[in-house]
Amino acid sequence: MKNIFLFLIVLFPCFAQAQSRLSGKVKDSAGHPLDAVTITLKRDDKQIASAFADLGNFTLSYNDAGTYVVSASLVGYEPVQASVQLPGDSLVLVMQADSKGLEEVTVTFKRPIIERKVDRITFNVENSILASGGSAWEALAKAPGLQVNGSNHLTANRKGVQVYMDGKPLNLSGDDLAAYLQGLPSDLVSQIEVFSNPPAKFEAEGTSVVNIITKKAKKQGFNATLNSGLTQGLYTGYNASTTFNYRKDKLNVYGSYGFTHRHTFQDHDVSIDYGDSFWSSPNRSVSQSDNHNYRLGADFQLAPNQVLGFLVTGSNRAGNNDGQTLTQVTNRQMALDSTLRTDNYSSNSSNQYAYNLNYNLKLDSGKRSLNIDVDYSPYQSEISAYADNLTFLSDGQQTPSRFHIYTPSAQHIDIYSGKADYTYQLFGKWDLSSGIKYSSTQSRNDFDYFNREGSSVTAVPENSNHFIYTERTAAAYTSVSSTFGKWTLQGGLRGEYTQTKGNSLTLNSVNARKYFKLFPTAFIQYKVDDDNEMQLNYAYRIERPEYNRLNPAKRFSSPYNVYVGNPALQPAFVQNVEFSYTYKQDYNVTAYYSATQDLFSNINVQDNETKIYSGTHANLGSSVSTGIRLSSSFHPSGWWDMNVIAEGYWQQEKSAFLTSSYDFHLISYNASLNQTFTIDAKSALKAEISGTLTGPGIQGIYRVDHSSTVDAGIKTNVLHGLGTLRLAVNDIFNTKSNYIRINYLDQHSSFFHQVESRNVALSFSYRFGKNVAASRSRSTASEEERKRAQ
């Protein structure tokens, strides 16, 4: 522990330094405060400090007394400068409107659907016709490089993902993550950022990071947006949402609310070859849910350079799932032996909340800043599940064996965390960012098993389980960046000390672990000229098992199908290297290498004697992937834009498993094409079509078949530009599915999984309120600290 405290002390430097400050106001000739005015403080023609006015207020820092010159500039106003003797009283600057006027100047900016930046790819959801009107989960599946499989496992370019929302980790995974984002209307999402190699200020968990940025109004006064959507597949779903913002003087209050009703189905067909018999189990389940998502926040400007903020977010979900499986058992001659009919029904509810208190301090006119966050996030879910199985012989006669069970379960998670981030400059050339964080998580899981006979139930203690998992992590990081001529360098180091403990009270079994790891990141960019640049980056990351993978409770869906977690799962460690070349910011070629050790994965094991098919998780060996990814933006004409991504790669999966080992290799591909067409600029009538092709893949002993999807949509503005109407058709050819095979030793099975993805979505949004926009869309220190809610 001593080394850890020394590490924290070295990485988090003291920032106190005595300085004097000049506070002032800037107004127009009518006395109204002006926003985003550039204020500069000079002495002897040397710039001392600069700042942007925030609603007319500004603060400048200086060291020595004397005579200085303060200047102010803003597009549409004549520049102003004044000589001041410091220290002195506060200053008021008055700016006159430019006599040339701005009415003759029209500036248009069209944000593309996909933006490529130095360390990320940004998918602008609010600009995509296809991603609007549905759920945030469906929008994720349309973001470039993101994949969702049949088990609701999200990956980015086939690498594990940690999902953030507005810069804060969601701490949900698998079905819990999918359920939460399926209840969040995509009309509340502004952007999705995909970090292939995340910088050091992100937590080390997750090979890649996906940051979902929700919409926040930036206009002064009161303004709001109303959204509604209707989705028609086999069943009908609908959603409605609103965002609002009120900003006056030093107070900014904002919030959103969304309601989603989902009604959908999914098919999950399993075929198993037990050697002496074949089991074919087609399944269809229908689910319904009502979801409420909301957030309410406020920021108060304590001083020109200090902001105190509070944010509450919540999600409430209630739903049910009803499914039936008809399993046909045949012998080697394909003659029917027996039929099993299994009915599964479950009702579920979940509540998730997050409370955040934030303080932001800017020093030296923004050159230094301190950001502090304190968070508490409780989560709870309850499931009541029923399973009934009847067996019939080949002549239709029912056997006396019966299987009727009731399995209620509950999960309670409490997450406490606090962090501080400090940005500063060193020697006037190096930009540094340091931070510390501590988080504590406890997950309490209760699973009870009852046999049912009519209305009476009998407890089966040996099949019940009560499991408590705790995880505590202390972390510190420092990252540094600078530009020297054509070279840009960035490096970071993050250290994390983690303590985990899984305690199965029922099994009287404890799995505990403590470890300290360093996670370096490095980035080098060389700008050959204005059109050509190259970059190299490296990151070392960790992937920790999700809480549900660790819970050893046995969950029976039938007498022959059981799922059980593995409390002995260990984290996996991943190394990523990427080298890329960019031409004119529109064409990019990236060569990459990724290696994972102690990969943990789903596994299925069939017992050819008892005919029990088990699902669990295990640490396997290594996974290596290397390939080349091409991406480009084309603009064939002013009304036609194209984004193309194509990838070819080689993958290896290698591990000991069961009584042998495997060494699988694969060459595969991925490709996507997104096109937008401006049909009529005056009414903003646009069309969009997108296609994705995913090649075959491997994961442990699983071999995954290829899949594809094509989506199309159209939108237009209505009601004098205050409303937007969108119509989209998703998965037009109904080809988005997962087909998986296992052929290893005496393990022979296959799965076909398809979530209802072909549907028609109609959505409408309407904007109203005071339409006084800020003069400039600012990128403040707090925004750069992962887009903190404004």
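Residues numbered from 1 in each chain as written. Predicted model: local features only at pLDDT ≥ 70, side-chain atom pairs only at ≥ 80, totals over all residues. Heavy atoms only, no water.

### Let's talk about the overall build of the protein
Reasoning step 1: Helix and strand counts for the protein come out as 5 helices and 48 strands.
Reasoning step 2: In terms of overall size, the protein behaves like a compact globule, its C-alpha atoms giving a radius of gyration of 29 Å where 790 residues would be expected to give roughly 28 Å.
Reasoning step 3: Along the three orthogonal principal directions, the C-alpha set of the protein runs to about 100 × 65 × 55 Å.
Reasoning step 4: Split into buried and exposed, the 790 residues of the protein put 49% on the buried side.
Reasoning step 5: Sequence separation of 24 or more characterises 64% of the internal contacts of the protein that already satisfy a separation of 6 or more.
Reasoning step 6: Summing over all exposed atoms, the protein offers an accessible surface of approximately 36700 Å²; the carbon and sulfur share of this is 56%.
Reasoning step 7: Of the side chains in the protein, 72 bear a positive and 72 a negative charge, and the two mean positions are spaced by 6 Å. (Helix = DSSP H or I, 4+ residues; strand = E, 2+ residues; numbered from the N terminus. Rg over C-alpha atoms; globule rule 2.2 N^0.38 Å. Buried < 20%, exposed > 50% of the residue type's maximum accessible area, 1.4 Å probe, protein only. Contact = heavy atoms within 4.5 Å. Areas by Shrake-Rupley, 256 points an atom, 1.4 Å probe, with all protein chains shown as cover. Lys, Arg positive; Asp, Glu negative; His and termini not counted. Charge placed at Lys NZ, Arg CZ, Asp CG, Glu CD.)

### A few points about the side chain of Gln411
Reasoning step 1: Along the chain, Gln411 turns up in strand 24 (residues 398-426).
Reasoning step 2: Given the relative accessible area of 10%, Gln411 is considered buried.

### Quick notes on the pairing of strand 26 (residues 450-453)
Reasoning step 1: Residue alternation in strand 26 divides its side chains into a buried set, Phe450 and Arg452, and an unburied set, Asn451 and Glu453.
Reasoning step 2: Bridge count for strand 24 against strand 26 is 2 bridges, and the pairing is antiparallel. Each bridged residue has a counterpart across the sheet, and for Tyr406 the counterpart in strand 26 is Phe450.
Reasoning step 3: Sheet analysis places strand 26 next to strand 27 (residues 456-459), joined by 4 bridges and oriented antiparallel. Paired with Asn451 across the two strands is Thr458, which belongs to strand 27. (Pairing = 2+ DSSP bridges.)

### Quick notes on the confidence of the model for the protein
Reasoning step 1: The predicted model of the protein averages 84 in pLDDT, with 90% of residues at 70 or higher.
Reasoning step 2: At the level of individual helices and strands, the protein shows its lowest average pLDDT in helix 5 (residues 781-784), which scores 28, and its highest in strand 19 (residues 278-281), which scores 96.
Reasoning step 3: Every residue in residues 1-18 scores below 50 in pLDDT, and together they form 32 contacts with partners more than four places removed in sequence or on other chains.
Reasoning step 4: Across residues 771-790 the pLDDT falls below 50, and counting only partners more than four positions away or on other chains, this stretch makes 61 contacts in the model. (pLDDT = per-residue confidence, 0-100.)

### Re the side chain of Ser439
Reasoning step 1: Tracing the backbone shows Ser439 in strand 25 (residues 430-447).
Reasoning step 2: Contact partners of Ser439, with chain neighbours within four places excluded, come to Tyr416, Ser417, Glu471, Arg472 and Thr473.

### So, the nonpolar core
Reasoning step 1: Judged by nonpolar contacts, the single largest core of 28 residues is most densely connected at Phe123, Leu140, Leu146, Leu181 and Ile192.
Reasoning step 2: Filtering out sequence-adjacent residues up to four positions away, Leu140 remains in contact with Leu146, Leu154, Leu181, Ile192, Val210 and Ile212.
Reasoning step 3: Membership of the second largest hydrophobic core comes to 22 residues, among which are Leu22, Leu60, Val80 and Val84. (Core = buried A, V, L, I, M, F, W, Y, C linked by side-chain atoms within 4.5 Å.)

### Here's the deal with the environment of Asp586
Reasoning step 1: With respect to the element layout, Asp586 can be found in the loop between strand 34 (572-583) and strand 35 (587-597).
Reasoning step 2: Measuring from C-alpha to C-alpha, the distance between Asp586 and His635 comes to 9.6 Å, with 49 residues separating the pair along the chain.
Reasoning step 3: If we skip the residues at most four places from it in the chain, Asp586 touches Ser631, Ser632, Ser633 and His635.

### A look at unusual backbone geometry
Reasoning step 1: One non-glycine residue, Asp731, lies in positive phi territory at about 50 degrees.
Reasoning step 2: Mapping Asp731 onto the fold places it in the loop between strand 45 (723-730) and strand 46 (738-744).
Reasoning step 3: The class for Asp731 is buried, based on a relative accessible area of 1%.

### Points about the sheet that holds strand 1 (residues 20-28)
Reasoning step 1: With mixed pairing, 3 strands are arranged side by side in an open sheet as 4-1-7. Strand pairing shows two members of the sheet lacking a second neighbour, strand 4 (57-62) and strand 7 (91-95), which therefore form its edges. On average, each strand axis in the sheet is inclined to that of its neighbour by 30 degrees, with strand direction left out of account.
Reasoning step 2: Strand direction decides the pairing type here: strand 1 and strand 7, joined by 5 bridges, are parallel. The residue bridging Lys27 from the neighbouring strand is Val94, located in strand 7. (Axes fitted to C-alpha atoms, helices over the stretch in contact; angles between N-to-C directions.)

### Section: the sheet that holds strand 36 (residues 600-606)
Reasoning step 1: If you trace the 4 strands from one edge of the open sheet to the other, you get 32-33-37-36, paired in mixed fashion. Two strands bound the open sheet, and with one partner strand each, they are strand 32 (554-558) and strand 36. Here the strands of the sheet are splayed against their neighbours by 25 degrees on average, with no regard to which way each runs.

### What about the packing of aromatic side chains?
Reasoning step 1: The tally for this structure, following the rule as stated, stands at 25 aromatic pairs.
Reasoning step 2: Geometrically, the ring pair formed by Tyr406 and Phe450 is stacked, given 5.9 Å between the ring centres and 25 degrees between the ring planes. Here the residue Tyr406 occupies a position in strand 24, and Phe450 occupies one in strand 26, the gap between them amounting to 44 residues. Residue Tyr406 shares its accessibility class with Phe450, and that shared class is buried.
Reasoning step 3: Look at Tyr469 and Tyr547: their rings are 5.7 Å apart centre to centre, the planes differ by 45 degrees, and that puts the pair in the tilted class. Of the two residues, Tyr469 is situated in strand 28 (residues 465-484) and Tyr547 in helix 4 (residues 547-550); the sequence distance between them amounts to 78 residues. Across the pair, Tyr547 and Tyr469 agree in class, each one buried.
Reasoning step 4: Members of the aromatic cluster, joined through ring pairs, are Phe657, Tyr662, Phe664 and Tyr744.
Reasoning step 5: Residue placement shows Arg284 over the ring face of Phe265; its charged tip is 3.9 Å from the ring centre.
Reasoning step 6: One Lys or Arg, Lys517, reaches over the ring of Phe573 and ends 4.7 Å from the middle of that ring. (Phe/Tyr/Trp six-rings, centres within 6.5 Å; stacked < 30°, edge-to-face > 60°. Lys NZ or Arg CZ within 6 Å of the ring centre and 35° of its normal.)

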